[in-house]
Amino acid sequence: MFNLQGKVALVTGAQRGMGKADALALAQQGAKVGLSDLSKENCQKVADEINSNGGEAIALRIDVSKKDEVESGVAQIVKEFGGLDILVNNAGVYIQKPALEILEEEWDALLAINLKGQFLCAQAAAREMAKKKWGRIINIASIASGGVGIGFAGSVHYAASKGGVIGMSETLAAEWAELGITVNVVAPGIIDTPMIRDPQTKFGEAMLKEIVARVPLKRMGKPEEIAAMAVFLASEESSYVTGATFYVDGGWLAA
Ligand SMILES: NC(=O)c1ccc[n+]([C@@H]2O[C@H](COP(=O)([O-])OP(=O)(O)OC[C@H]3O[C@@H](n4cnc5c(N)ncnc54)[C@H](O)[C@@H]3O)[C@@H](O)[C@H]2O)c1
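Computed from a predicted model, the values in this text were never measured in an experiment.

1. Let's talk about the UniProt feature "transmembrane region" (unreviewed entry) in the protein
Inference 1: UniProt's entry tags residues 137-160 with the feature "transmembrane region" (unreviewed entry), counted in the numbering of this structure.
Inference 2: Note that residues 137-160 is 21% helix and 17% strand, and that its end C-alpha atoms are spaced 20 Å apart.

2. What to know about the sheet that holds strand β3 (residues 57-61)
Backbone hydrogen bonds are what pair the strands of a sheet, in a parallel or an antiparallel way.
Inference 1: One open sheet holds the 7 strands; their spatial order is β3-β2-β1-β4-β5-β6-β7, and the pairing between them is parallel. Both outer strands of the open sheet, β3 and β7 (245-248), are each paired with one neighbouring strand and no more. For this sheet the average axis-to-axis angle between neighbouring strands, irrespective of direction, equals 20°.
Inference 2: In this sheet, strand β4 (residues 86-89) lies alongside strand β1 (residues 8-12) in parallel orientation, the contact comprising 3 bridges. Within β4, the residue paired with L10 across the bridge is L87.
Inference 3: Packing of helix α1 (residues 17-28) onto the sheet brings it into contact with β1, β2 (32-37), β3, β4 and β5 (135-140), and relative to β1 it is tilted by some 170°.
Inference 4: Docked against the sheet, helix α5 (residues 156-176) engages β5, β6 (181-188) and β7, running at close to 160° with respect to β6.

3. What to know about the pairing of β2
Inference 1: Summarising burial for β2: 6 of the 6 residues are buried, a large majority.
Inference 2: Burial of β2 is two-sided: the residues K32, G34 and S36 facing one way and the residues V33, L35 and D37 facing the other way are all buried.
Inference 3: Following the chain from β1 across α1 to the adjacent parallel β2, one finds a crossover that is right-handed.
Inference 4: Relative to β3, β2 runs parallel, the two sharing 5 bridges.

Criteria and cut-off values
- Residues numbered from 1 in each chain as written.
- Predicted model: local features only at pLDDT ≥ 70, side-chain atom pairs only at ≥ 80, totals over all residues.
- UniProt positions renumbered as here; feature names shortened; annotations may be inferred.
- Helix = DSSP H or I, 4+ residues; strand = E, 2+ residues; numbered from the N terminus.
- Pairing = 2+ DSSP bridges.
- Axes fitted to C-alpha atoms, helices over the stretch in contact; angles between N-to-C directions.
- Contact = placed C-beta atoms within 7 Å.
- Buried ≥ 20, exposed ≤ 12 C-beta atoms within 10 Å, placed from the backbone.
- Right-handed = clockwise from strand over helix to strand, strands pointing away.

This is how it looks when you write it as C-alpha cells:
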C-alpha cells in the first residue's frame, strides 16, 4: 500500500519543517519530487539527501505568491519528470500580532502566501493533472482555521487564511472530481518545526507548554506525523477521499 512509484510530486515550502518531511516521505514511497521554497539552495540540500538515498528529486525556487514563479516551477517539473500528479501545498507563514494593529499590507502579504499561493499552485498543478485524469492535491491548513471551537487569539489574518484554505479545498474537490483530482486538507495541531521556534512567531516556551498541556498526547507532533497523512492522501488508496479535512492534532480537538 501507499506505493508512489511512477508518480511526480511538488512540495512547496520544502526546505525545512513539515514540507521537508513531506518531500522525504513521498520520495521514500517512490515518488519523484520537486522541492520548492524561497531558497533553491536549501531545497537542493534536501534534494541531495533524497538523490543520495536512491530517490529522484530536484530543487526549485517558487515564491507561491507569484503566479509567474508558480507557473514556471510547474513547467520545470513537467519538463524534468514528464508530468505532475501530487501537490502538497505546504508553504505558509505565521505572524502573531493583535488584530487592532495589523496593517492592510500585512494582511495582504500573509493572505497572498497562505491562501492565494495555495490557489495558484493548485490551479497550475490541476491543469497538468487533468491531462492524465489523475491528481492528488493536499492543502495544509491548521487547527487555527475556525469551525472547531478554537479561537486562536493573536493571528486573525492567519486564521482567516487557513479557514479560507478549507473553504477553497471543498469547492475545488467538488469542481475537480470530474477531472480525476482529489483535494483534501491536513490541519495540524502544534507541530515541532522551525516555524514555532522562530522568535518572530512569538510562541515562546510558556505558550508552547500551555498548548501541550491541552493536548491529550502531551507532546507536540513531529513533522513526520503530518507527512504520514500526506502520503496516504497522495496515494491510490485514498481514492474515495476528497473534500475532507484531517486534523492531526494529538487529540487536541477531542479534549
Ligand atoms: N508548526 C505548526 O505547529 C503548524 C500548525 C498548523 C499549521 N502549520 C502550517 O504548516 C505549514 C508548514 O509549516 P512549518 O511549521 O513546517 O513552518 P516552517 O516555517 O518551518 O516552513 C514553512 C516554509 O514555507 C516557506 N515559505 C514562506 N513563504 C513562502 C513563499 N512566499 N513561497 C514559498 N515558500 C514560502 C518558508 O521559507 C518555510 O521554509 C504552514 O502552512 C503552516 O502554516 C504549522
